[in-house]
Amino acid sequence: MLFRISNERKNFTKKVHNLRTKRAAWRSRKFSLFRRCLIAKVLGLSQIVYSASMLETPNKYASLTLIQSLLFQFLGKNNPDKIKRQVLYHDYGNGGLPVTNGEIMFKSRPFA
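Residues numbered from 1 in each chain as written. Predicted model: local features only at pLDDT ≥ 70, side-chain atom pairs only at ≥ 80, totals over all residues. Heavy atoms only, no water.

Draft legend 1. Spatial organisation of the overall build of the chain. Scanning the chain for helices and strands turns up five helices and zero strands. Listing the helices and strands of the chain from first to last along the sequence gives α-α-α-α-α. Looking at the chain residue by residue over its 112 residues, the buried ones come to 33%. Within the chain, residue pairs in contact and separated by at least 24 positions form 73% of the contacts whose partners lie at least 6 positions apart. When the accessible surface of the chain is totalled, it reaches about 7,400 Å², and 57% of it is carbon and sulfur. (Helix = DSSP H or I, 4+ residues; strand = E, 2+ residues; numbered from the N terminus. Buried < 20%, exposed > 50% of the residue type's maximum accessible area, 1.4 Å probe, protein only. Contact = heavy atoms within 4.5 Å. Areas by Shrake-Rupley, 256 points an atom, 1.4 Å probe, with all protein chains shown as cover.)

Written out as structure tokens, the structure is:
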């Protein structure tokens, strides 16, 4: 059991570290808000979603706030939010950018 917890913590923290590294590389580019949302979902969150669906995350609520803050720091270029986060979760037709909602993602996991 100790090996399993240690292994999950290593895998999940490694994915979060990779997300931070990628985010730092992407930050130097001049992307539009639409493109930043797409990059965050496709290249960043897909790794986290896969790990979170297979493993129990260590302290899932702290992990959720960390991932959400990393995501919105990248989307807002480290500036305060100009668009409410709840609006960003909506589809294009409803005036939002379909940003992945981390809270719903963690609740939908089989280990929740």
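Draft legend 2. Examining the packing of aromatic side chains more closely. By the definition in use, this model includes two aromatic pairs. Summarising the aromatic geometry, the rings of Trp 26 and Phe 74 are spaced 5.5 Å apart at their centres and angled 55 degrees between planes, so their arrangement reads as tilted. Note that Trp 26 is positioned in helix 1 (residues 2-27) and Phe 74 in helix 3 (residues 60-75), a separation of 48 residues in sequence. You can call Phe 74 buried: its relative accessible area is 5%. Plain terms: the ring middles of Phe 72 and Tyr 89 are 6.2 Å apart, the flat faces sit at 75 degrees to each other, and that makes the pair edge-to-face. Of this pair, Phe 72 sits in helix 3 while Tyr 89 sits in the loop between helix 4 (85-88) and helix 5 (102-107); the two residues are 17 residues apart in sequence, bridging distant segments of the chain. There is no split in this pair, since Phe 72 and Tyr 89 are both buried. (Phe/Tyr/Trp six-rings, centres within 6.5 Å; stacked < 30°, edge-to-face > 60°.)

Draft legend 3. Focus on the nonpolar core. By size, the foremost hydrophobic cluster in this structure holds 21 residues, and its most contacted members are Phe 12, Ile 48, Leu 71, Phe 72, Phe 74, Leu 75 and Val 99. Those elements that provide at least two residues to this core are helix 1, helix 2 (33-54) and helix 3. Contact partners of Phe 72, with chain neighbours within four places excluded, come to Arg 85, Leu 88, Tyr 89 and Val 99. (Core = buried A, V, L, I, M, F, W, Y, C linked by side-chain atoms within 4.5 Å.)

Draft legend 4. A look at a nonpolar patch on the surface. A cluster of nonpolar residues, Leu 38, Val 42 and Leu 43, forms a patch on the protein surface that exposes about 270 Å² of accessible area. Within the fold, Leu 38 resides in helix 2. On the basis of relative accessibility, which here comes to 48%, the residue Leu 38 falls in the partly exposed class. (Patch = residues over 30% accessible without salt bridge, like charges linked within 9 Å, V, L, I, M, F, W, Y side chains within 5 Å. Salt bridge = Lys/Arg side-chain N within 4 Å of Asp/Glu carboxyl O.)

Draft legend 5. Highlighting the side chain of Arg 23. As for its position among the elements, Arg 23 is in helix 1. On the accessibility criterion, Arg 23 (12% relative accessible area) is buried. Engagement of the side chain of Arg 23 in a polar contact is seen with the side chain of Gln 73, the distance being 2.6 Å. If near-sequence neighbours (up to four positions away) are discounted, Arg 23 is found in contact with Leu 70, Gln 73 and Phe 74. (Polar contact = N/O pair within 3.5 Å; in protein donor to acceptor, adjacent residues only side chain to side chain.)

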